[in-house]
Amino acid sequence: MKSLLKIILWAAIALAGAGALAAIAFERREPLNAVWFVVAALCTYLVAYRFYSKFIAAKVLALDDTRATPAERLEDGHDFVPTSKWVLIGHHFAAIAGPGPLVGPTLAAQFGYLPGTLWLIVGAALGGCVQDFIILFCSIRRDGKSLGQMAREEVSKRGGMIALLAVLAIMIILLAVVALVIVKALKESPWGTFTLAMTIPIALLMGIYLRYVRPGRVLEASLGGVALVMLAVVSGQWVNASPAWSSAFTLSGPALALAIIAYGYAASALPVWLLLAPRDYLSAFIKVGAIAALAIGVIFVRPTLEMPALTRFVDGNGPVFAGKIFPFCFITIACGAISGFHALISSGTTPKMILRESHARMIGYGAMLMESFVGVMAMIAACALQPGVYFAINSPAGIVGKTADAAAATIRGWGYALDPQTMSALAQRVGEHTLLDRTGGAPSLAVGMAQIFSGTIGGERLLSIWYHFAIMFEALFILTVLDAGTRVGRFMVQELGGHLWKPLGRSGSTAGILATSALMVGAWGYFLWQGVQDPLGGINSLWPLFGIANQLLACVALVVATTILLKMGRERWIWVTLAPMVWLVAITMTASYQKIFSANSRIGFLSQANVLATQIASGAIPAEKFAVTQRLIFNNRLDAAVTAVLAVMILVLLVEAIGEWIAILSGRKAAVLHESPYIATKWAEGGD
Amino acid sequence: MTIVRNWPRNIWSWIRQVSGDAAYENYLRSTRRVARAEMARAGCCTIHAGPSTRATSAHLLTREEFYLHALRRRYSTISRCC
């Protein structure tokens, strides 16, 4: 009777999910209510978790709870600490959830809601969750080893080197692109800039409190910090209203970029307790709170999606970024569906804290489902905007024109209604001077979030405060990624540089710290500066580069996972990792090829460089813009070279791995697993 | 029934654990557990001369020392994703 009820319940969930997905896919009498998206996502997640992850746990990985995990065997109170799965999933989710699942879907909304939503749901269930889960399992079985170490041991030494280079490449491009998102969100915005600037002294205060006043009392310091940040958000309106203060906090794009570069350098070189750690605590609290509030808001307000299922920009001529759905939708949305970066977290601190092997299913697979849901909510928030408003905010001035009238005329020409007055009225309502040419996704997401929040609490009266809360929330945790990423990048540069010149590698050397920090900040700062100077907004070239690098890392992770499954004798089940790997290789290679060689100058870096070179040769470029154009040509060629290096790395890794797989399958090479030996757990079974 | 009665305490405890507020208590508990296990092992076997392993030989860190130590470890590796 009980099992019959279970069957009926799961059949009902599956039917509800299938029905909601069908409504999203086939309903063409727009607009559609957001509830369909929530139901489709949640039901698919439930079915995927209950059946697919259980299948992977039982058949593919054969998780063994009688085996002691590294947290038990190597417990030391520092890195290896047995932790309850309910606590660890919180840590893991806070670590994997960054700006990617918010910004990526917002940018991909230019294709309409359908492609991005389907990729978020299906990509996560069959790709991202599988990658996170299996890499977590592999790392648990290897005493918490990193992805690079596993690639070196299980695939080849070259595989390990590729993983290391891929991590460094992705760090540099990631930091540049997220910094660009902040610049685009805060330029000419005194309220937003003031709020974000205030988070620096607030974090310093928290740092001193946590270090000297009440060491390690994270909760009380963070609650105090959150209260001060909220005060800063509210007081930003008076800064905005005061001509003197407003002009002090009104910064241009280049000025903001320089400020962020200087900040990144300081944060990387300063003691970690002073700025980085307290900002991270602050950011984690606000991040989790804002995501929860968005989920509640979406369910409470049930917004209607104004964006059509598919826009005319499926043809590849989108103003937000150029390129067709395949492969660019799958490159643009990385973190909400599948992200190689997650494999670094799954092979970082989490495997050292896991209590039982079976917990890897909830933490690895489950946390990624939660991240996917964040992406779906971002898609809802972006698509709840009028399409004309969405394109006006996200299109660079180089495409739609510099004035409100020109932008409205261009967007109306695309078939989306927009009055110039609509944009100025909206900007006034959210407390901004203008919302035109705010590429990068953050401002349009903030407008969408503010509409949802104000529909729940405060109404129109609080719209501007909610907008700036959303901007602060996005910028705050982007800055945290910037701090932490620059610092880790610095360690990686120190490690690599130490091989060339010993003093550079000394972790305690002040000169080494300053030099490697400068190298790391200089690397991402260069790409940031390039993005700020780009007449097409920068996002068009940098975000796909970031997507390619991130998916390259996912390829590395899935190659490692497939090799380990083969060595474990699970040939029958290798499609579980092989299928998402083949898909990722197809999209990264196609995207790389198009970004380098496409004849469309908005897509292909080389053709863009050639167009500019031809303009110089024909005398179409005025003398005063000569130097800038030369730099743009160089930047496009540099981007083409970076993309080519990433693509070659994928190919080399694939050749290495396929050689290894053939050798194992043909019996020419013994399948040697580098797992830690089995030691039976001493803890009672099922204990948390 | 007990679960229902204890939910405010359980939620508070979960928040402290997830936020890292309880990290020092966890460290003390973990270090003592390791020390007890090592002592139990030593009691049932021959005691070997030489350096003992891990936590038994380490002195307990103060709350401030532990906080700084934990931060240094956490931010020397990738701890935040994109």
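Refer to the structure printed above.
Conventions adopted
Residues numbered from 1 in each chain as written. Chains lettered and ligands numbered in written order. Predicted model: local features only at pLDDT ≥ 70, side-chain atom pairs only at ≥ 80, totals over all residues. Helix = DSSP H or I, 4+ residues; strand = E, 2+ residues; numbered from the N terminus. Rg over C-alpha atoms; globule rule 2.2 N^0.38 Å. Buried ≥ 20, exposed ≤ 12 C-beta atoms within 10 Å, placed from the backbone. Contact = placed C-beta atoms within 7 Å. Core = buried A, V, L, I, M, F, W, Y, C linked by C-beta atoms within 7 Å. Nonpolar A, V, L, I, M, F, W, Y, C, P; charged D, E, K, R; others polar. Axes fitted to C-alpha atoms, helices over the stretch in contact; angles between N-to-C directions. Expected span 1.5 Å × (residues − 1). Bend = angle between axes of the 7 residues up to and from the residue.

A. Up close: the overall build of chain A. For chain A, the count of helices and strands is 28 helices and 2 strands. Its C-alpha atoms give chain A a radius of gyration of 25 Å, near enough to 26 Å, the size a compact globule of 688 residues would have. In terms of its C-alpha atoms, chain A occupies a principal-axis envelope of roughly 70 × 70 × 60 Å. Each of the 688 residues in chain A was classed as buried or not, and the buried ones make up 57%. Look at the contacts in chain A between residues 6 or more apart in sequence, and 81% of them connect residues 24 or more apart.

B. Region of interest: the nonpolar core. Residue and element names in this part refer to chain A. With 246 residues, the main nonpolar core has Ile173 and Val556 as its most contacted residues. If near-sequence neighbours (up to four positions away) are discounted, Val556 is found in contact with Leu147, Ala151, Ile162, Ala163, Ala166, Gly340 and Leu653. Ranked by size, the runner-up nonpolar core spans 5 residues in total, among them Phe605, Leu612, Leu632 and Ala640.

C. Geometry of the interface of chain A and chain B. In this assembly, 42 residues from chain A lie in contact with 33 residues from chain B. Residue assignment for the side of chain A that touches chain B shows that the elements contributing at least two residues are helix H4 (85–96), helix H10 (218–241), helix H13 (276–301), helix H15 (340–346) and helix H22 (463–500) of chain A. Tallied by class, the residues present in the side of chain A that touches chain B amount to 23 nonpolar, 14 polar and 5 charged.

D. Representation of the packing of helix H17 (residues 387–394) of chain A against helix H21 (residues 442–456) of chain A in the model. Residues and elements named next belong to chain A. As a packed pair, H17 and H21 sit with axes 8 Å apart at the nearest point and diverge in direction by 145°. Contacts between H17 and H21 pair Tyr390, Ile393 and Asn394 from the former with Pro443, Ser444 and Val447 from the latter. When the residues that make up the contact of H17 with H21 are grouped by side-chain class, the tally is 4 nonpolar, 2 polar and no charged.

E. How the structure looks around H10 of chain A. With 24 residues, H10 of chain A should reach 34 Å at 1.5 Å per residue; the first-to-last C-alpha distance of 35 Å fits that figure. At Ser235 of chain A, H10 of chain A is bent by approximately 30°, the largest bend along its length. Here the buried face of H10 of chain A lies against helix H9 (190–213), helix H11 (243–248), H13 and H22 of chain A together with helix H2 (7–19) of chain B.

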